[in-house]
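Take a look at the letters that make up each chain.
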Amino acid sequence: DSGNHRIQKFTKDGKFLAMRIDWIVDLGAYLSPGAQGHVRNTTNCMTGVYKIPALYASYRIPITNTTPIGAYRGAGRPDIAYAVERLVNQAAAEINVDPAELRRRNFIPPADFPYTSPSGGEYECADMPGVLEKALKLADWSKLKDVETKVYTDAVRRTDADTIRDCKDFEIVVMMRERTRFPR
C-alpha cells in the first residue's frame, strides 16, 4: 500500500512546470533488504514520460503490523506511473483539455533522447507521441470519451460516491470497455 499527495504546477495552456509528492509507503513490520526499491524506483521514475523540470518528493515509511515487503522486478514503478497518470488526468480536467492532448503537450520530445530526468532517471529512446497515437487509434478514443461521459453521468444520477470517484478515472473506463466489449 502506498498513499500519496501530489501537487502539480502548470501553465494556463497546460505545460507542466513542477511536481511535488508526499509518498507514504507501508513496507511492513520491518525493512527487508530489498524494500528500498519502492523509494528508489519511485524517485527515478517520478516524471513518468513527461518533461517536468522541477520536482520535490518526501517519503515516509511507517512501521506497521503488516508483513514486510521486499522488492520484486521494478517495485514502486507501477505505483508512481499510476500516480503520475492520475495527476495528468486531474490537470486535464482542471484546464478542460482532452487528457490525450495534455499528454502530447508534455511528453519528453523524441529529439531530447537520450534524456535524463531531474531525478536522475535515464531514458534511452522513445517515441511517446507515436505510441500515444497508436493507443488512441486502437482504443477508438473518440468513442471511448463518449462512453466515459455516459458512465460518469449515469454514476452521478445514482449518487453512489465511490462509483462517481472511480468513473472519473480513465483507467476504470478502459477496463469497463474490455469487460463489456463496447461496439467499435
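For the structure, check the block above.
From a predicted model like this one, the values you see are computed outputs, not experimental measurements. (Residues numbered from 1 in each chain as written. Predicted model: local features only at pLDDT ≥ 70, side-chain atom pairs only at ≥ 80, totals over all residues. Heavy atoms only, no water.)

K.L.:
Quick question: what am I supposed to make of the packing of aromatic side chains here?
P.N.:
Given two aromatic rings, their pairing is described by the distance between the two centres and the angle made by the two planes. Under the counting rule described, the total for this entry stands at 3 aromatic pairs. For the ring pair Tyr50 and Phe107, a centre distance of 5.6 Å and an interplane angle of 5 degrees mean the geometry is stacked. Taken together, the positions of Tyr50 in the loop between α1 (37-44) and β3 (54-60) and Phe107 in the loop between α3 (99-106) and β4 (115-116) put the pair 57 residues apart, joining distant regions of the chain. The class of Tyr50 is buried, set by a relative accessible area of 1%. The exposure class assigned to Phe107 is buried, which follows from its relative accessible area of 8%. When the ring of Tyr115 is compared with that of Tyr123, the centres are 6.0 Å apart and the planes differ by 55 degrees; the resulting orientation is tilted. (Phe/Tyr/Trp six-rings, centres within 6.5 Å; stacked < 30°, edge-to-face > 60°. Helix = DSSP H or I, 4+ residues; strand = E, 2+ residues; numbered from the N terminus. Buried < 20%, exposed > 50% of the residue type's maximum accessible area, 1.4 Å probe, protein only.)

K.L.:
Explain the side chain of Arg103 here, please?
P.N.:
Topologically, Arg103 is positioned in helix α3. Leave out the neighbours within four places in its chain, and Arg103 touches Tyr50, Glu85, Val88, Asn89 and Leu132. (Contact = heavy atoms within 4.5 Å.)

K.L.:
It is not clear to me how the packing of α3 against helix α4 (residues 128-139) should be interpreted in this structure. Could you clarify?
P.N.:
Describing two packed helices takes the angle between their axes plus the distance from one axis to the other. Contact geometry of α3 with α4 gives a least axis separation of 10 Å together with a crossing angle of 165 degrees. Put simply, α3 runs roughly antiparallel to α4. When you trace α3 past α4, the crossing you get is left-handed. Touching Ala100, Arg103 and Arg104 of α3 are Leu132, Glu133 and Leu136, all from α4. Grouping the constituent residues of the contact of α3 with α4 by class yields 3 nonpolar, no polar and 3 charged. (Axes fitted to C-alpha atoms, helices over the stretch in contact; angles between N-to-C directions. Parallel < 35°, antiparallel > 145°, perpendicular 65-115°, else oblique. Left-handed = near helix turned anticlockwise from the far one by under 90°. Nonpolar A, V, L, I, M, F, W, Y, C, P; charged D, E, K, R; others polar.)

K.L.:
Please explain a nonpolar patch on the surface as it appears in this structure.
P.N.:
Side chains of Leu31, Ile61 and Ile63 sit close together on the surface and give an oily, nonpolar patch of about 280 Å² of accessible area. Its place among the elements puts Leu31 in the loop between β2 (16-25) and α1. (Patch = residues over 30% accessible without salt bridge, like charges linked within 9 Å, V, L, I, M, F, W, Y side chains within 5 Å. Areas by Shrake-Rupley, 256 points an atom, 1.4 Å probe, with all protein chains shown as cover. Salt bridge = Lys/Arg side-chain N within 4 Å of Asp/Glu carboxyl O.)

K.L.:
Looking at this structure, I do not really get unusual backbone geometry. What am I missing?
P.N.:
Of all residues except glycine, most have a negative phi; of all peptide bonds, most are trans. A cis amide bond, omega -5 degrees, links Phe113 with the succeeding residue Pro114. Phi angles above zero are rare outside glycine, and Asn96 is one such case at about 55 degrees. Position of Asn96 among the secondary structure elements: in the loop between α2 (77-95) and α3. On the accessibility criterion, Asn96 (72% relative accessible area) is exposed.

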